[in-house]
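Structural overview
These are the residues of each chain, in order.
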Amino acid sequence: MDEKKIFSLTTEALRNNRIATKGISYKGCFILDAESATDNKIYDEVVRYPHRIETFFLMICKQGEGSVNVNLQEYEISDNSLFFNLPNSIIQVNHKGKNTQGVILGFDEE
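Note that the structure is a prediction, hence the values are computed from the model and not measured.

Quick look at the sheet that holds strand β1 (residues 7–10)
- One open sheet accounts for 5 strands, arranged β1-β4-β9-β6-β7; its pairing is mixed. Looking at the sheet topology across the chains shown, the edges are occupied by β1 and β7 (73–77). Averaged over all pairs of adjacent strands, the angle between their axes in this sheet comes to 35 degrees, without regard to strand direction.
- Bridging between β1 and strand β4 (residues 51–54) involves 4 bridges; their strand directions are parallel. From the neighbouring strand, L9 faces β4, where its bridge partner is I53.

Written out as C-alpha cells, the structure is:
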C-alpha cells in the first residue's frame, strides 16, 4: 500500500514561500486577505490537500461562505464568522465561495 505523507507547514514556511508576495509578513506572523489565500498557486500547494499547520491562525470572514476540514471535522464558514486554528491541526479547505472576503492572521507561539 502506498501511503501519503501529510506535509507540515510552519509560520516561517508559509510566510517565506507561500504568501510573501500576497500579504504582509514579519518574523513569526503574517496577514493575508482570504481571496489571496485561495488563489490558484496557494490553493494548489497548500489548502487543497490536507496539511498540518504548525501555527495559530485566525480567519475573519466578512462576507461569503465556505467549508474547511480540521482534524477530520468539517466546519462551515459564512458571513461575519470567526475561525480559529490551533497549531498542529490537519487542515483542508473543501470549498470557498466566489465572493468570499475576509482576513487571515497567522502567528507563532512566541
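Moving on from the model shown.
Examining unusual backbone geometry
- Backbone geometry at N80 places phi at a positive 55 degrees, although glycine is not the residue there.
- Tracing the chain through its elements places N80 in the loop between β7 and β8 (81–85).
- Owing to a relative accessible area of 69%, N80 belongs among the exposed residues under this scheme.
- Phi at N88 takes a positive value of approximately 70 degrees, unusual for a residue other than glycine.
- Locating N88 in the fold gives a position in the loop between β8 and β9 (89–96).

How each quantity is defined
- Residues numbered from 1 in each chain as written.
- Predicted model: local features only at pLDDT ≥ 70, side-chain atom pairs only at ≥ 80, totals over all residues.
- Heavy atoms only, no water.
- Pairing = 2+ DSSP bridges.
- Helix = DSSP H or I, 4+ residues; strand = E, 2+ residues; numbered from the N terminus.
- Axes fitted to C-alpha atoms, helices over the stretch in contact; angles between N-to-C directions.
- Buried < 20%, exposed > 50% of the residue type's maximum accessible area, 1.4 Å probe, protein only.

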